[in-house]
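Listed here are the chains, written in short residue letters.
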Amino acid sequence: MIRISAAEFRRNIGRYQDMALTQPVVVARNGRERTVMISVEEYHRLKRRDRRAMGLEDFTGEDIAALEEIRAPQAAKAFDSEPKSS
């Protein structure tokens, strides 16, 4: 990953666009990381991954057992009186 200042990015935008095709380019402003430039292929790969739905076959028995043990926190009881959607 490459880290550069916003001023450096502005001076050499084409260079960093080319570099972002093979590795992320982090642009910092006032010493703080603000944005990351990545290739469009990487962006689309990440978006596909975000939208992946898992089926029951993706969970192990241990995963399912852990989910069955989960209980809502006490604070959630305050919402029990809210109307149910149809």
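Residues numbered from 1 in each chain as written. Predicted model: local features only at pLDDT ≥ 70, side-chain atom pairs only at ≥ 80, totals over all residues. Heavy atoms only, no water.

Engineer: Can you explain the side chain of Glu8? Please cite residues and give values.
Structural biologist: Structurally, Glu8 can be placed in helix H1 (residues 6-11). Excluding anything up to four places from it in sequence, Glu8 contacts Arg15 and Tyr16. (Helix = DSSP H or I, 4+ residues; strand = E, 2+ residues; numbered from the N terminus. Contact = heavy atoms within 4.5 Å.)

Engineer: Kindly report on the packing of aromatic side chains, identifying the contributing residues and their values.
Structural biologist: Tallying each qualifying case throughout the model produces one aromatic pair. Both rings, one in Phe9 and one in Tyr16, keep their centres 6.5 Å apart while their planes meet at 35 degrees; by these two values the pair is tilted. The same class applies to Phe9 and to Tyr16, which are both buried. (Phe/Tyr/Trp six-rings, centres within 6.5 Å; stacked < 30°, edge-to-face > 60°. Buried < 20%, exposed > 50% of the residue type's maximum accessible area, 1.4 Å probe, protein only.)

Engineer: Tell me about the pattern of salt bridges, residues and numbers included.
Structural biologist: Evaluated as defined, the whole model comprises three salt bridges. Notably, a salt bridge pairs Arg3 with Glu33, separated by 2.6 Å at the nearest N-O pair. One end of the pair, Arg3, is in strand S1 (residues 2-5); the other, Glu33, is in strand S3 (residues 32-37), with 30 residues separating them in the sequence. Across this residue pair, the class does not change: Arg3 and Glu33 are exposed. Between Glu42 and Arg45 there is a salt bridge whose closest N-O contact spans 2.8 Å. Pair noted here: Glu42 and Arg45 are both in helix H3 (residues 40-50), with a separation of three residues, about one helical turn. (Salt bridge = Lys/Arg side-chain N within 4 Å of Asp/Glu carboxyl O.)

Engineer: Give me the sheet that holds S3: which residues, what numbers.
Structural biologist: Backbone-to-backbone hydrogen bonds pair the strands of a sheet. The strands run either parallel or antiparallel. Read across the sheet, three strands follow the order S1-S2-S3 without closing on themselves; strand pairing throughout is mixed. Either end of the sheet is taken by a strand with one partner, and the two such strands are S1 and S3. Each neighbouring strand pair of the sheet contributes to a mean axis angle of 30 degrees, computed without reference to strand direction. As defined by bridge partners, strand S2 (residues 25-29) adjoins S3 across five bridges and the pair is classed as antiparallel. Bridge assignment links Ala28 to a residue of S3, and that residue is Glu33. (Pairing = 2+ DSSP bridges. Axes fitted to C-alpha atoms, helices over the stretch in contact; angles between N-to-C directions.)

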